[in-house]
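Residue-level structural notes
Given next are the chains, with one letter for each unit.
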Amino acid sequence: MKKKYASIGLNYDLIIDKYPDVNEYEEIVNAYLDDTFFHEIREMLEEEDYAMAKDAVKGLYILAGELYLYPLYEKLLELYEDLEYETYKDVDEHYQDMIGTYDKVRGIFHV
């Protein structure tokens, strides 16, 4: 299990300290990863609905932090900063980085 988590940059010991039942933790993570906002953000960005995208990203990065999904948290935070500071020239690149990390994390947790 440690190797599985480490393969995507997660700290197993930190996770187990907060979530002693690894099966329950994985159920929670899978529910989180099923959130449609991960893909709907793309549409929001295309429609230049930056306020809605910012709200969606903020909710996702807060939950990623709570679940100790730090690689995904960091990518979501980069995207959030683009939206917060209105640096839209970087938003597409950071979205692609985030969705790539999301896919890696999802690949480990979804069967």
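So, a few notes on the structure that sits alongside this text.

About the cut-offs
- Residues numbered from 1 in each chain as written.
- Predicted model: local features only at pLDDT ≥ 70, side-chain atom pairs only at ≥ 80, totals over all residues.
- Heavy atoms only, no water.
- Helix = DSSP H or I, 4+ residues; strand = E, 2+ residues; numbered from the N terminus.
- Expected span 1.5 Å × (residues − 1).
- Buried < 20%, exposed > 50% of the residue type's maximum accessible area, 1.4 Å probe, protein only.
- Arc of directions from axis to C-beta.
- Contact = heavy atoms within 4.5 Å.
- Axes fitted to C-alpha atoms, helices over the stretch in contact; angles between N-to-C directions.
- Parallel < 35°, antiparallel > 145°, perpendicular 65-115°, else oblique.
- Left-handed = near helix turned anticlockwise from the far one by under 90°.
- Nonpolar A, V, L, I, M, F, W, Y, C, P; charged D, E, K, R; others polar.
- Core = buried A, V, L, I, M, F, W, Y, C linked by side-chain atoms within 4.5 Å.
- Phe/Tyr/Trp six-rings, centres within 6.5 Å; stacked < 30°, edge-to-face > 60°.

1. Observations regarding helix 7 (residues 91-109)
Over its 19 residues, helix 7 extends 27 Å from the first C-alpha to the last, a length consistent with the 27 Å expected when each residue adds 1.5 Å. Of all the positions in helix 7, only Val91, His94, Tyr95, Met98, Ile99, Thr101, Tyr102, Val105 and Phe109 are classed as buried. Within helix 7, the buried residues cover an arc of 165 degrees as seen down the axis, which keeps them to one side. Set apart from the buried face of helix 7 by more than 90 degrees, the exposed residues are Glu93, Lys104 and Gly107. Against helix 1 (2-6), helix 3 (22-33), helix 4 (37-46) and helix 6 (70-84) lie the buried residues of helix 7.

2. What to know about the packing of helix 6 against helix 7
Relative orientation of the contacting elements helix 6 and helix 7 amounts to 160 degrees, with a least axis distance of 9 Å. The angle between helix 6 and helix 7 falls in the class roughly antiparallel. When you trace helix 6 past helix 7, the crossing you get is left-handed. Contact residues: Pro71, Leu72, Lys75, Leu76, Glu78, Leu79, Asp82 and Leu83 in helix 6; Val91, His94, Tyr95, Asp97, Met98, Thr101 and Tyr102 in helix 7. Across the contact of helix 6 with helix 7, the residue classes tally to nine nonpolar, two polar and four charged.

3. Here we look at the nonpolar core
One finds Tyr32, Leu69, Leu76 and Phe109 to be the most contacted residues of the largest nonpolar core, which totals 37 residues. Going through the elements one at a time, helix 2 (12-18), helix 3, helix 4, helix 5 (50-66), helix 6 and helix 7 are the ones with two or more residues in this core.

4. Digging into the packing of aromatic side chains
Here the structure, examined in full by the defined rule, presents twelve aromatic pairs. Here a set of aromatic residues connected by ring pairs shows up, and it is made of Tyr5, Tyr12, Tyr19, Tyr25 and Phe109.

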